[in-house]
Amino acid sequence: MMLCTIECIIELMSDPHSTLDETGTHKVPNTGTLARILGSVMVAGRAILNRRRGEDGDSSGQPDAIARRCGDLIRHRGEASGLALASEILDDYENLEEEGRSQFFDLLLKDFATDPEKVIQASKRYRDQPEFEQLLALQKSIASPRQKLFRRLNQAPGGTGALVRMRGDLIVRLRDRPDLGPIDADLKHLLIAWFNRGFLTLERVDWDSSARVLEKIIQYEAVHEINGWDDLRGRLREDRRLFAFFHPAMPDDPVIFIEIALSKGSSSAIQPLLDSDRDLLDTGTADTATFYSISNCHRGLQGISFGNFLIKQVTENLRFDLENIQRFETLSPVPGFRQWLQQIMNEGAAEGGLADAVNSARALLSDDGVYDEHVEHACEKLCAHYLINEKRNGLPLDPVARFHLSNGAYLDRINLNADISVAGKSRSFGVMVNYVYDLTDIETNHEAYFAESQVATSSSVRKLAAN
């Protein structure tokens, strides 16, 4: 007889390297057997729920009925029926229309909040008797019932992905409903733990990967759109690499992925890297790896950082597989540059040499996209100033700059007309930049960035910003 609870079975199914033998000892994986066990448990659990509903009613999929079942799930003790109930709640949530989901979030906010009176009483008891047991009681009183609810929902098959999607729905609403913030805080708190770096696996995605994964890559690419299967195949050929983090609870659904071009020398424009008809490079002659696209795949994981781990681990993998690679760089957009420059122009706030550059750069706003050398130099100068000097709370305004500089990269070069697509022009007049990950200086740059707000740059870029 297998000595294993429902929670144990779910954990094992999410772990590709672990099963139990009949004594409860870890051995070779057998997820098919576990899936059948879990399936039979779910069937039994649904039968139990149906018998109860024959007596009590309430199988409606409306928001208030779903919220009532959430309350039942928090109080539930039966494993089989609890698993079925959690699965049912998630299915019903997925079937709600947008208005119904908003009503459901309102109920979560009102009916599953922390009880202030319980917190006050627990804090008084801990004040009067500052012992460990009282501290645990205080911590328990602070945690909202929503956290227990989300933990139990996570036990359902597909529960992790469903909760990620739920938080994605919630984040959209937060823009107009900041009062829903407590729900987001509870979900984010749990997702940070569940998506700890230790649970993620790095995998190379290539043309032999599953069709489901490849479809997700096309769907999730957020920087440079993938236009169908032929375009994707071009990005997966011999002189390209694509790596992704996967979570064991979402094995066919990448969390984040990065696209890499192998080349001789640095890359200064994106269109050649995306060209499916390019001449293939012998990877044995490549000396540079250019990270040209990083895509976070799930809105529901917003604010949970994976990219820094991804770049560093991919760099180590490339160093191991391709010993000839000496330079690790990005070819990155500057998404805030155009908006910042337009604001400066509208406000007329620039002074001295910066004001002269702003006036020269007004031609950038024309539609023809043809500039003389004077305008291009002004664009370079302004972009260098924007990336190095324009800050908020001591950190660069530009989000991509914040990401790479905080990882320890340095700003190496500004490339004009590097992205001539409509999106590239609208983001930053076609400007892209190279950030370089010099493995000997990453930690030093990282410490200086956070301790002293220093932006690590090459001498050429710093000179541009100073002139």
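All of the points below concern the structure found in this document.

**Observations concerning the pattern of salt bridges**
The final tally for this structure, using the stated rule, is 21 salt bridges. Between Asp106 and Arg177 there is a salt bridge, and its shortest N-O distance comes to 2.8 Å. Taken together, the positions of Asp106 in helix 5 (residues 98-111) and Arg177 in the loop between helix 9 (159-174) and helix 10 (181-194) put the pair 71 residues apart, joining distant regions of the chain. With relative accessibility at 27%, the residue Arg177 sits in the partly exposed group. Each of the salt bridges in this network shares a partner with another, and the network as a whole consists of Glu221, Asp231, Arg235 and Glu259.

**Let's talk about the nonpolar core**
Formed by 97 residues in total, the largest nonpolar core has its most connected members in Phe195, Phe337 and Leu341. At nine residues, helix 17 (residues 373-389) tops the list of elements feeding residues into this core. In this structure Phe195 touches Thr160, Val164, Leu200, His247, Met250, Val255, Leu301 and Phe306, once residues within four positions along its chain are discounted. The next biggest cluster of nonpolar side chains, apart from the first, holds 13 residues, and it includes Val213, Leu232, Ala244 and Cys297.

**Topic: the packing of aromatic side chains**
For the coordinates displayed, the defined rule picks out 10 aromatic pairs. Ring centres of Phe195 and Phe306 lie 6.4 Å apart, and the angle between their planes is 65 degrees; on these two criteria the pair is classed as edge-to-face. Of this pair, Phe195 sits in the loop between helix 10 and strand 3 (201-204) while Phe306 sits in the loop between strand 6 (288-296) and helix 14 (307-321), and the two are 111 residues apart along the sequence. There is no split in this pair, since Phe195 and Phe306 are both buried. Among the aromatic residues, those joined into a ring-pair cluster are Phe337, Trp340, Tyr386 and Phe429. One cation-aromatic arrangement involves Arg101 over Tyr93; the distance from NZ or CZ to the ring centre is 4.7 Å.

What counts, and where the lines are drawn
- Residues numbered from 1 in each chain as written.
- Predicted model: local features only at pLDDT ≥ 70, side-chain atom pairs only at ≥ 80, totals over all residues.
- Heavy atoms only, no water.
- Salt bridge = Lys/Arg side-chain N within 4 Å of Asp/Glu carboxyl O.
- Helix = DSSP H or I, 4+ residues; strand = E, 2+ residues; numbered from the N terminus.
- Buried < 20%, exposed > 50% of the residue type's maximum accessible area, 1.4 Å probe, protein only.
- Core = buried A, V, L, I, M, F, W, Y, C linked by side-chain atoms within 4.5 Å.
- Contact = heavy atoms within 4.5 Å.
- Phe/Tyr/Trp six-rings, centres within 6.5 Å; stacked < 30°, edge-to-face > 60°.
- Lys NZ or Arg CZ within 6 Å of the ring centre and 35° of its normal.

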